[in-house]
Structures are given as C-alpha cells and as structure tokens.
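# Report on the structure
If you want the building blocks of each chain, they are given just below.
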Amino acid sequence: MVAAGRFIASRNVYGLAWIGADLIVKDRYGSKADFISIGQPVSDSVIPFIGSEDEILDLQKNPDASIELPGVVIHGGNDSQERYNLSLFWSPQERCYLLLVARASLDAALEIELLRHVRARLMAEAEIKAKSDELACANRDLEDFAAIISHDLKAPMRALHYMTDDLEAALADNRLDDARTKLAWIRSQSRRMSSMLAALLDYSSIGRKSRALEPVDTKALVNSIASSLPLEDGFNIVVEGDWPEFETLKAPLDLVLRNLADNAIKHHDRPDGVVTMSARDTPDALVITVSDDGPGIAPEHHQAVFLPFRTLIAGDAAASAGIGMGLALVERTIQNMGGAIRLLPAPSGQRGATFEVIWPKTLTETPI
Amino acid sequence: MSRARKVMLLGEIGVGKSSLARRLVFDKFSREYKPTIGVEVYRYDIPAAALGGPKSLVEPLSLILWDTDGNFGDAIFRHVYIKQAAAAVIVGDQSRPDTIDAMLRLARGFADVLPGRAIHFVLNKDDLADAAGGSDAEGRLTTPQIAGLGPIPFIKTSAMSGAMVEQAFIATAKAILRRGH
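Now for a description of the structure that goes with this document.

Reading guide: rules and limits
- Residues numbered from 1 in each chain as written.
- Chains lettered and ligands numbered in written order.
- Predicted model: local features only at pLDDT ≥ 70, side-chain atom pairs only at ≥ 80, totals over all residues.
- Buried ≥ 20, exposed ≤ 12 C-beta atoms within 10 Å, placed from the backbone.
- Helix = DSSP H or I, 4+ residues; strand = E, 2+ residues; numbered from the N terminus.
- Pairing = 2+ DSSP bridges.
- Contact = placed C-beta atoms within 7 Å.
- Core = buried A, V, L, I, M, F, W, Y, C linked by C-beta atoms within 7 Å.
- Expected span 1.5 Å × (residues − 1).

Moving on, we come to the pairing of strand 1 (residues 14-19) of chain A. Residue and element names in this part refer to chain A. Counting buried residues along strand 1, six of its six residues qualify, which places the element largely inside the surrounding structure. Here strand 1 pairs with strand 5 (residues 96-103) via six bridges, running antiparallel. Paired with alanine 17 across the two strands is leucine 99, which belongs to strand 5. In terms of strand pairing, strand 1 meets strand 2 (residues 25-29) through four bridges, oriented antiparallel. The partner of isoleucine 19 across the bridge, within strand 2, is valine 25. Between strand 1 and the antiparallel strand that follows it, strand 2, lie five residues; leucine 23 among them carries a positive phi value of about 70 degrees.

Quick look at the environment of A:Arg103 now. Residue and element names in this part refer to chain A. Structurally, arginine 103 is set in strand 5. Owing to 15 C-beta atoms within 10 Å, arginine 103 belongs among the partly exposed residues under this scheme. Along the sequence, arginine 103 and valine 73 sit 30 residues apart, while their C-alpha atoms lie 9.9 Å from each other. Excluding residues that lie within four positions of it along the chain, arginine 103 makes contacts with Lys32, Glu82, Arg83 and Tyr84.

Moving on to the environment of B:Arg22. All names here are of chain B. Among the structural elements, arginine 22 can be located in helix 1 (residues 17-26). C-beta crowding within 10 Å serves as the criterion here: with 21 such atoms nearby, arginine 22 is assigned to the buried category. Setting aside its immediate chain neighbours within four residues, arginine 22 contacts Lys28 and Phe29.

Attention shifts here to the nonpolar core. One recurring pattern in soluble globular proteins is that nonpolar side chains are buried together. Membership of the largest hydrophobic core comes to 83 residues, with the highest contact counts inside it found for A:Leu99, B:Val7, B:Val41, B:Leu65 and B:Ile90. Per-element accounting of this core gives the leading share, seven residues, to strand 5 of chain A. Membership of the second largest hydrophobic core comes to 30 residues, among which are A:Met277, A:Ala279, A:Leu286 and A:Ile288.

At 3.6 residues per turn, the α-helix brings residues three or four places apart onto the same side. When the terminal C-alpha atoms of helix 5 (residues 165-179) of chain B are compared, their 22 Å separation across 15 residues agrees well with the 21 Å that a helix rising 1.5 Å per residue should span. Inspection of helix 5 of chain B places B:Val165, B:Ala168, B:Phe169, B:Thr172, B:Ala173, B:Ile176 and B:Leu177 among the buried residues, and these make up the whole buried set.

Geometric descriptors of this kind do not, in isolation, establish any biological role.
As structure tokens, then:
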C-alpha cells in the first residue's frame, strides 16, 4: 500500500493520506496532500469533513462505501484556489482510512472515474499485502512447528534408539524379564510420541478450521463440560456468574473451557478441591475466569505454561500429567478468535491459579 | 478545536454568495465576477463573546461555509454537499426579482431535506438597492408562499461595503445553537 501511495503521489497527480480509526492523520504523501496536517484530526485541515465524523466512522462498517467530494476548493489558513476531488474510504486490511486527494479539473466526472481506478488499485495492493502477511504468518508457524518437532521429539526418539540397543543386549544375554520391561517402556514412549504428534497437528490446524458462527448457550455449554469431566470424590466444579447466549464458535469455546477445567483438576495436589468457572458478560466480550485451589504456579513460570510441550511437573508424575499441550492449544485458539488469556497473579499467601480469558463477541480475522 | 457547524450558502448565480464568504473570512471584495464551480469551503471562527447568550453556550463556534455553485438549483438537495448541514444562509439580490423566487424555493427544499435546521435569508447588494429604485423583496419574503416554514429571519447586507455581513452569520450561528444542531 505504501509503495502504491508513493508511486501515485510521486507523479504529483494525487496526494494520499493515511488516517487512523481515531480520525487522526498518521501520514501523507504527495504535494497534493501537503495541506493535511499529520498528527491532527483530519477535519482540522480537510474542513469539508467537519460535521461528517459519524458518517466517516460508519465507513468502517461498510468498506465498499466511500465519501466522495468532487470539485471542492478548501479555503484554509490561506486563500487557496486549488480545487480537489476528495475520496475517503476505509481499508479493513490496514485498519485505517485512506484519503485520496486529486487536483480537480472542470471535468469532474472524469476525475472521479480516475479516482475510482486509483482506489481499486490501492485496495488490490492492500489485499496483496494482507495475503503476504498471512503467508509470512503461516511460514512463521511452519518454522515454529519444525522447531518444536526437532526439539521436543528428538529426545524421546534418541531414548527409543538407546532402549532398542539395551533390548537387543538383554535378549542376547537371555535376560527376558529385563527385555519385557524395556519393550513395555518402548511401547509407552511410542504411544506418548503419537499423542504429541496428534496434539501438534491439532495445534497447527487451529485457524484453518471452519469459522461458522452459531448461537451458543454458554451456560448450557459450561454446565455440560462441568458434568462430563471425571472427578474424584471430594472434588467440585462450581459454575457461577453471567453466562449469556450469543453467536460464537462453539467448538473452540468448548476446547478452551474443557482444557482449562481439566488442567485445574489434573494439576491439583490434593484429592479434594474446588474449580470455579465464572463469567462476566460485557458488551464486547465474555470475560471468563477459571480458578482452582491447587498448588498454584510460580510467577517465573507464568509465560512458560503457554508454550507447547511444557509441563511444570517433573519426574514420574509428569507421565500422568499429559504432554503439556493443553494450555498451548487454549492460548492459540483464543488468539485465533482475537481474544486473550492471562494467568492472574495469586493474592499473597493464597493457594491456587486463576486464568482469565477475554472471549470476544465479534469474530475478527486474526490469522495466527 | 472549537465546535464547528456546517452552513450551506445557497442562492441563484451572481447574488454574491462567494463575495459574502470572502468578505466574512478574508475581509476582501473583488469587483471581478468569478462564478463558483462545484463548491468552495471556508471556515469562519466566531469568538465566544460574539455569541453571547447563556453561559453554557459561551464557547467559540466555527462555521464551515459551503459556498455552492448557483447552477445547482434544486439539485443541490440531492447532492452529497448538503449532508450534515446545520443551517442554510439563502442569498438573494434585492434588485433581481427572480433571485427572490429562488430564495423561497430553496428555503422550501432545504426544510424538506433537513427539517428543523436554521434558515436565514440574506438580501445582498444593499448598496445597489437605491440605484435599483427599491424593490418589494422584503415583502415577498414574508408572504404566504413560505407558510408552514415559520418566520424566516432576513437581513440586508452589502458584501462590497461589508455592511451587516458579520452580523448575518453571527445571527445564523446563534440560531444553530438555539436549535441544538
């Protein structure tokens, strides 16, 4: 887009200004746009837009629309006689307004037609840029994916290799009990590696699955999750707060809630405990908290918990704690919705961990 | 930035709309007639003291004057230029009866597309009124032809001498504030 703007502006035919969603001018190119002040509200220098702020904001809802003001002479601070054709539209890809300023001739119709062509070109450029960004993002994903595979699957692969050598040695020495133990270990490791690969595939496919909205009764959804999780006697899941019905993606929300609750139960250090799932309904988002009264997570591990294959449990207990993909899946799913998750610091002297999820009510395209 | 409101300058070709705007904003007058093509937009800042009124209204106000091409005629009401206008100053030439007819028609058209907005009549070229032997423009602007719109204030101005030009626009600004648009 910037390249297109420079190309057009450099020919001194058009000026171009980038205007933020807050209607502040961010940048401009070309002498035709010299009268537009950067860092100021657009209507300060483009006075015909004064009073049209609501109409301009409405353009964000309809990117196909534009405000066209043909043949306008703007008498600002000086007594200019320059006549302009102004064309303002919203670029959803760049999340800013673009203002095209063309010197108007008496043949305003021709100028407007030219403006339309320029606008079409700019929109096409923006679309190409958005696709490039998406591709770059996908490439980054691929690199991450490769890094995770090489780092996290290499160690068990190496262990398998050594274990088969040991198995061979045990069989050569006729140590059959030892050989059986090693075979069982090899089976267990291969199952674990299969689980890791399956989780990685799930992780990589987030964002490429269907994004069909449907009305979701979040109260019914959270209750069904709470009742379906296997609980020891003495363990409780409490659902509280305001869980509304609204249009969203049901499967990703299910995944997030289920994993957070499951995680809280799985990492609890006592046979009894309480997991509380609560929600607060706001105009823009559903704010969900999932808290437990377990051992909590030390502040130095708050970032690491969202990394793939990271589990904070060491030793034998690690095997039953899963492969460490739950919170990575949760975070990636929420980010794909345009939302956010954070681990809240525990109040001083209190046990437990609390995850807060901002689940947006409006789906935004945030390819990850 | 102070509050700002859009004001349409409407009227037949050659009644002096641009001359009024240029006198108001730049305090200039030119005898050379240059017809307006499309629209020219001016900004005129009115200090709070000039607006008077209750304390809550004592705040500067900027008028964004949209000086339109007289050729538009009634088509101006279907044009993008008219959007979000808070008021219209409709200008006529006392010495040209056809321009008075146009004022009445434009007032009706403006009230139809933007009901409730302030409308002011300006009878320009007051300096030429005596030479023209007087006219019944004043009387015609209060005839039943514009019944239903209520009384529309009018003021006589001379863009050439500057007489009453500022007062005409300050009166419009006050009317905008009274109406809350």
